[in-house]
Amino acid sequence: MRVTYNRELKVKANLDQLGIETFLPVTNKLIERNGHRNFEQVPAIHNLLFVHSTRETLTGLKMTDEDFSPLRYMMTRPLDPTARPEVIHIPEREMANFIRVASITDNRVMFLDYSDVAHKVGRRVIITDGDFAGIEGTVKRVNKNRHVVIQLEGVAAVALAYVPTSHLKFLE
């Protein structure tokens, strides 16, 4: 879901209190306040929050509780202009893959603008060894280097900074 006005952390906390499963990709960023520099966890993809719930539950919360008014459904963009957009649903397996990689807050992971990698072709792979064994993705060029990219169609993408070729099994 989209969260307006950079209120991802607040909305996530409110949903967590209600026992609704959420995922917010975060990264460590050096922030300076009052002359002091500290690393803080900030949303890696602004205005985006993954929510595992029913549409009825979320619509009810949005309609009755002001704390959830910043939530907006993300909709598909159909190729046919006469077709109606639908709420984006991410399959469990793809989401689990994405969460496993996007949960890493160190420099092994790069968050990408989905539009930068959506048009790029690549070969499907599964990582067979190391910390990311079992992750499925696509080898694509990002900033002139090859990376394993895990993308959620139309939503987000994350790339692993380095995976040895010996740890990849090419699919297809």
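Just above, that's the structure.
Summary of the structure given here. Computed from a predicted model, the values in this text were never measured in an experiment.

## With respect to the overall build of the protein chain
Broken down by element type, the protein chain carries four helices and twelve strands. Taken over the C-alpha atoms alone, the protein chain extends approximately 55 × 55 × 30 Å along its principal axes. Taken over 172 residues, the protein chain has a buried fraction of 35%. Roughly 11,000 Å² of accessible area belongs to the protein chain as shown, and the carbon and sulfur atoms make up 50% of that amount. Averaging the coordinates of the 23 positive side-chain charges in the protein chain and doing the same for the 21 negative ones gives two points 6 Å apart.

## What to know about the nonpolar core
Core analysis: the largest hydrophobic core is formed by 24 residues, its most contacted members being Phe50, Phe98, Val101, Ile127, Val148, Ile150 and Leu160. Among the elements that make up this core, the one with the highest residue count is helix 3 (residues 92–102) (four residues).

## Some words on the layout of surface pockets
A volume near 570 Å³ is recorded for the largest pocket. Val51, His52, Ser53, Ile88 and Ile90 are the residues nearest the centre of the largest pocket, which is lined by 23 residues in total. Every element with two or more residues in the lining of the largest pocket is listed here: strand 2 (21–23), strand 5 (50–52), helix 2 (55–64) and helix 3. Considering each element in turn, the lining of the largest pocket owes the most residues, four residues, to helix 3. Partitioning the lining of the largest pocket into residue classes produces 15 nonpolar, five polar and three charged. Approximately 260 Å³ is the volume found for the second largest pocket. Along its surface, the second largest pocket is lined by Arg2, Tyr73, Met74, Met75, Thr76, Arg77, Ile88, Glu153 and Gly154. When its residues are assigned to classes, the lining of the second largest pocket shows four nonpolar, two polar and three charged.

## Remarks on the pattern of salt bridges
All told, the structure shown has six salt bridges when counted by the stated rule. Glu40 is the partner of Arg33 in a salt bridge, and the nearest nitrogen-oxygen pair spans 2.5 Å. Linking Asp131 and Arg108 is a salt bridge whose minimum nitrogen-to-oxygen distance equals 2.6 Å. In this pair, Asp131 sits in the loop between strand 8 (123–127) and strand 9 (136–142) while Arg108 sits in the loop between helix 3 and strand 7 (109–112), placing the two residues 23 residues apart along the sequence. Judged by relative accessible area, Asp131 falls into the exposed class, the value being 58%. Overall, the relative accessible area of 29% leaves Arg108 in the partly exposed class. Salt bridges here are not isolated pairs; linked through shared partners, they connect Arg93, Arg124 and Glu136.

## Re the sheet that holds strand 10 (residues 145–152)
Read from one edge of the open sheet, six strands run 7-11-10-9-8-12, paired in antiparallel fashion. The sheet is open, and its two edges are formed by strand 7 and strand 12 (168–170), each paired on a single side. In this sheet, adjacent strand axes meet at a mean angle of 40 degrees when their direction is disregarded. In terms of strand pairing, strand 8 meets strand 12 through three bridges, oriented antiparallel. Following the sheet pairing, Ile127 is matched in strand 12 by Leu168.

About the thresholds
- Residues numbered from 1 in each chain as written.
- Predicted model: local features only at pLDDT ≥ 70, side-chain atom pairs only at ≥ 80, totals over all residues.
- Heavy atoms only, no water.
- Helix = DSSP H or I, 4+ residues; strand = E, 2+ residues; numbered from the N terminus.
- Buried < 20%, exposed > 50% of the residue type's maximum accessible area, 1.4 Å probe, protein only.
- Areas by Shrake-Rupley, 256 points an atom, 1.4 Å probe, with all protein chains shown as cover.
- Lys, Arg positive; Asp, Glu negative; His and termini not counted.
- Charge placed at Lys NZ, Arg CZ, Asp CG, Glu CD.
- Core = buried A, V, L, I, M, F, W, Y, C linked by side-chain atoms within 4.5 Å.
- 1 Å grid on protein atoms, 1.4 Å probe; cavity = no way out; pocket = protein on both sides within 12 Å on 5 of 7 lines; lining within 4 Å.
- Points joined across faces, edges and corners; volume = space filled by probe spheres on them.
- Nonpolar A, V, L, I, M, F, W, Y, C, P; charged D, E, K, R; others polar.
- Salt bridge = Lys/Arg side-chain N within 4 Å of Asp/Glu carboxyl O.
- Pairing = 2+ DSSP bridges.
- Axes fitted to C-alpha atoms, helices over the stretch in contact; angles between N-to-C directions.

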